[in-house]
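# Chains, contacts and geometry: an overview
Chain residues, written in single-letter form:
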Amino acid sequence: MTTTLAFAEWSSYAMDHAARVDALVAGHLERRQRRESHPVEDFLFTYYSTRPNQLRIWHPGPGVRLLDAAEYADRRGYVVDGGTASLDPAEITRRADNITWIRRLLVSTLDRQPQFGCFGLHEWAMVYRTSDVRHEKWPLRLGAKGTDQVVESHKVACSHFDAFRFFTTSARPLNVLQPTRESQPALEQGGCLHANMDLYKWAAKLMPFTPSSLLLDCFELARDIRTLDMQASPYDLAPLGYAPVRIETPEGKAEYTAAQRAFADRARPLRRQLVTLCDALLG
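What counts, and at which threshold
Residues numbered from 1 in each chain as written. Predicted model: local features only at pLDDT ≥ 70, side-chain atom pairs only at ≥ 80, totals over all residues. Heavy atoms only, no water. Pairing = 2+ DSSP bridges. Helix = DSSP H or I, 4+ residues; strand = E, 2+ residues; numbered from the N terminus. Expected span 1.5 Å × (residues − 1). Buried < 20%, exposed > 50% of the residue type's maximum accessible area, 1.4 Å probe, protein only. Contact = heavy atoms within 4.5 Å. Salt bridge = Lys/Arg side-chain N within 4 Å of Asp/Glu carboxyl O. Axes fitted to C-alpha atoms, helices over the stretch in contact; angles between N-to-C directions. Parallel < 35°, antiparallel > 145°, perpendicular 65-115°, else oblique. Left-handed = near helix turned anticlockwise from the far one by under 90°. Nonpolar A, V, L, I, M, F, W, Y, C, P; charged D, E, K, R; others polar. Lys, Arg positive; Asp, Glu negative; His and termini not counted. Polar contact = N/O pair within 3.5 Å; in protein donor to acceptor, adjacent residues only side chain to side chain. pLDDT = per-residue confidence, 0-100. Core = buried A, V, L, I, M, F, W, Y, C linked by side-chain atoms within 4.5 Å. 1 Å grid on protein atoms, 1.4 Å probe; cavity = no way out; pocket = protein on both sides within 12 Å on 5 of 7 lines; lining within 4 Å. Points joined across faces, edges and corners; volume = space filled by probe spheres on them.

With that out of the way, let us pick up the pairing of strand S3 (residues 78-81). For a regular strand, side-chain orientation follows a simple rule: the groups alternate between the two sheet faces. Summarising the sheet, S3 and strand S4 (residues 84-87) pair through 4 bridges and their orientation is antiparallel. The residue of S4 that forms the bridge with Tyr78 is Leu87. Where S3 folds back on S4, the antiparallel hairpin that results is connected by 2 residues, among which Gly82 adopts a positive phi of roughly 65 degrees.

Put into structure tokens, the structure is as follows:
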């Protein structure tokens, strides 16, 4: 079934979308002008590759035609015929293998029992027995020795390859799993903060097919998860207003796990929507 939107309707959606993006990226753009970095809020623009100007472009998703939309003729993934824009079937076909891989990862994650016992130790393992820390402007809350002791006194159980690949050489053998890119669909699970942050990555990689409302819902989830990720990290970010989640204590573990479960609940319907999107494209 195809929906056709008149210019007045779709341009209103596009303006509302751009305003939502502007509010989300304002702080990042202001800091960029001042050449200031932020270890929490800039992550979605430094780790992920989608730029703010790309976010501002509104995409309706599959099965929607836009009348009087000649401006979409210059946008990848669209065809414009007689001023009416729609997704280009040839672009979908060209990217079918990539869409299939993303769908496989999302479905396998949905089908797997979430795990909530990692306590965010991936960030600690990234600074284990090294002076080469990723956020060198911010001190380690327990110092280098105290940080190493936390890692050594816990079971490190990171299932996410893109977190594990940043572990220090000394920390990698301590992990009960040895994730690889190839094993990612077999290991990814819905309790993992990074797997749920990455819903934004997969939504962005599926652009322009992804409806922009779904993309920004994933962006907001990733932003909120990043906050917990760094609160539970070994860094002292109190000067920035981030109270630490002290995962080295029973109280901190309980706080982290409760937030982790809440994020898993938020992520699940978004993951399902992305699977439905992949099915629509591949069908």
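Compared with an ideal rise of 1.5 Å per residue, which puts 28 residues at 40 Å, helix H1 (residues 7-34) spans 38 Å between its outermost C-alpha atoms and is within 8% of the ideal. For H1, the full list of buried residues reads Trp10, Ser11, Ala14, His17, Ala18, Val21, Leu24, Val25, His28 and Arg31. Taken together, the buried residues of H1 touch strand S1 (3-5), helix H2 (43-46), helix H3 (52-55), strand S2 (64-66) and helix H11 (212-231). Phi turns positive, to about 60 degrees, at Arg35, one or two residues after H1.

All told, the structure shown has 22 salt bridges when counted by the stated rule. The salt bridge partner of Asp217 is Arg20, with a shortest N-O separation of 2.8 Å. Remark: Arg20 occurs in helix H1 and Asp217 occurs in helix H11; sequence separation between them is 197 residues. Judged by its relative accessible area of 30%, Asp217 is partly exposed. The partner of Glu91 in a salt bridge is Arg95, with the nearest N and O atoms 3.7 Å apart. Like Glu91, the residue Arg95 is buried in the burial classification. Sharing partners across several salt bridges, the network here consists of Asp162, Arg165, Arg181, Asp198 and Lys201.

With that settled, consider the packing of helix H5 (residues 96-111) against helix H10 (residues 193-205). A pair of packed helices can be characterised by two numbers: the angle between their axes and the separation between those axes. The contact between H5 and H10 brings their axes to 11 Å, and the two run at 155 degrees. Classed by the angle they form, the pair H5 and H10 counts as roughly antiparallel. Here the hand of the crossing between H5 and H10 comes out left-handed. Facing Trp101, Ile102, Leu105 and Leu106 of H5, the residues of H10 in contact are Leu199, Trp202 and Lys205. Taken together, the residues of the contact of H5 with H10 sort by class into 6 nonpolar, no polar and 1 charged.

On to the side chain of Asp88. By the element assignment, Asp88 lies in the loop between S4 and helix H4 (89-94). For Asp88, which is buried and forms no salt bridge, the nearest opposite charge comes from Arg94, at a distance of 8.1 Å. Looking at Asp88, its side chain comes within polar contact range of the main-chain nitrogen of Ala90, at 3.0 Å.

On to the side chain of Arg95, then. Along the chain, the position of Arg95 falls in the loop between H4 and H5. Given a relative accessible area of 11%, Arg95 falls into the buried group. A polar side-chain atom of Arg95 sits 2.4 Å from the main-chain carbonyl oxygen of Lys205. Setting aside residues no more than four positions away along its own chain, Arg95 makes contact with Lys205, Leu206, Met207, Pro208 and Phe209.

Looking at the chain, pLDDT values average 95 and 100% of them are 70 or higher. Helix H12 (residues 250-282) holds the highest mean pLDDT among the elements of the chain, 98, whereas H2 holds the lowest, 92.

All right, on to the nonpolar core then. If you look at the biggest cluster of nonpolar residues, it comprises 70 residues, and the most contacted ones within it are Leu55, Leu66, Ile247, Tyr256 and Leu274. Excluding anything up to four places from it in sequence, Leu55 contacts His17, Val21, Val25, Phe45, Thr50, Tyr200, Leu215, Leu216 and Phe219. Listed in part, the 8 residues of the second largest apolar core include Val40, Val127, Leu140 and Met230.

Right, let's talk about the layout of surface pockets for a bit. Over the atoms a probe the size of a water molecule is rolled, and this reveals where empty space is left. Volume-wise, the largest pocket comes out at about 510 Å³. Residue lining of the largest pocket: 19 residues in total, with Thr50, Gln54, Ala204, Lys205 and Met207 positioned closest to the centre. The dominant element in the lining of the largest pocket, judged by the number of residues it contributes, is H10, at 4 residues. For the second largest pocket, the calculated volume is near 230 Å³. Surrounding the second largest pocket, 13 residues form its lining, Ser37, His38, Pro39, Arg134 and His135 being those nearest its centre. Among the residues making up the lining of the second largest pocket, the classes are represented as 4 nonpolar, 4 polar and 5 charged.

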